[in-house]
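Here's the letter readout for the chains.
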Amino acid sequence: MTLLNKGHVSIERFHVDNRTAILSLDLEADYGGDDFEAVSQLPVLLKLLESENVPITIFAEARVLKRFPEMIRHAKNQGVDLQLHCFDHRQTGDTSQSLRKSIQIYQDLVGARPNGYRADTFRLTKQIYKTLIDENFLWDSSILPAAFGFGASREWCKESSGNDYFRFDKKLYEFPVAIHPNIKIPFTHSYQAILRKYPAYLLQILGGLPKLLVYDMHMSDLVWTKSINTSQSIPDSARALYKLSWFMRGKNTFSELASLIKNLRNRGYIFTTLDELYHKVKINDK
Ligand SMILES: [Zn+2]
């Protein structure tokens, strides 16, 4: 499995004009296992976002599309920007074949093809990149350009310095997942949950916020479920971190999300979806 790096593609670099925030959700089985307890709480999240008047981009695992067709159709009808995540989180990443199966499932459900994609665990492989091009995807949001950790993060860390987003081979837009630009640490809901309110706020001050802010969340970051104790898919080290993030906390982090939305608005961020952003920027990026 070769992760896509900057030697594999031609890269154009772009900036957004204004502070732009996108809430994105990887809608997948709880902790990548076999339970869907947190996923089934999606309508609660959508209700909160509706009351805050904030749109969302959802990357759905194909298993979720198959299991919750009504909930997904309803979300799409409510205006959710629905795109594709991996086929099955229990496997280590998509193959061209599994991605094509997901496209078919998506198409059967919503009657159109997806425009955007997010790879599992921020691991965009060279093979999947090729398949995204072959299948006419318009954009991707898989790269987390942090200084350590996931996928090809480090490869892309330097590249993203001072740049908001990319276009690869003049074809596919890449909207990277948010990090704190001064310290290259991910700015995602799971990190916020581990840090808690005041340290997280301090990190925003010290680490800064990117002008294009693609915030990543999972339902299991938002809702506590018993699978945190029972899921076989969580490695022990990660389980300790997840447990820490829920220690002495209620059963959900919706109020933290609401505060974040308020905070970003106060800083002048305008909320949009990734598909809307794509349609806006492609007109200008000659
Ligand atoms: Zn995922």
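Because the structure is predicted, anything quoted here is derived from the model rather than measured.

Asker: It is not clear to me how helix H12 (residues 254-266) should be interpreted in this structure. Could you clarify?
Answerer: For an α-helix, 3.6 residues make a turn, and residues three or four places apart therefore share a direction. The terminal C-alpha atoms of H12, which comprises 13 residues, lie 19 Å apart, in line with the 18 Å expected from a rise of 1.5 Å per residue. Taken together, the buried positions of H12 are occupied by Leu257, Leu260, Ile261 and Leu264. Looking down the long axis of H12, one finds its buried residues gathered within 100° of arc, a one-sided arrangement. Away from its buried face, by an angle of more than 90 degrees, H12 presents the exposed residues Ser255, Lys262 and Asn266. On its buried side, H12 packs onto strand E2 (20-27), helix H1 (42-52) and helix H9 (219-222). One or two positions beyond H12, positive phi appears at glycine 268, with a value near 90°.

Asker: I'm lost on unusual backbone geometry in this one. Help?
Answerer: With a phi angle near 60°, asparagine 53 is a residue other than glycine that sits in the positive phi range. If you trace the backbone, asparagine 53 turns up in the loop between H1 and strand E3 (57-60). Judged by C-beta crowding, with 8 C-beta atoms within 10 Å, asparagine 53 ranks as exposed. Of note, the phi angle at lysine 184 is positive, near 60°, even though the residue is not glycine. With respect to the helices and strands, the residue lysine 184 is situated in the loop between strand E9 (179-180) and strand E10 (185-186). The class of lysine 184 is partly exposed, set by 19 C-beta atoms lying within 10 Å.

Thresholds, definitions, all that
- Residues numbered from 1 in each chain as written.
- Predicted model: local features only at pLDDT ≥ 70, side-chain atom pairs only at ≥ 80, totals over all residues.
- Helix = DSSP H or I, 4+ residues; strand = E, 2+ residues; numbered from the N terminus.
- Expected span 1.5 Å × (residues − 1).
- Buried ≥ 20, exposed ≤ 12 C-beta atoms within 10 Å, placed from the backbone.
- Arc of directions from axis to C-beta.
- Contact = placed C-beta atoms within 7 Å.

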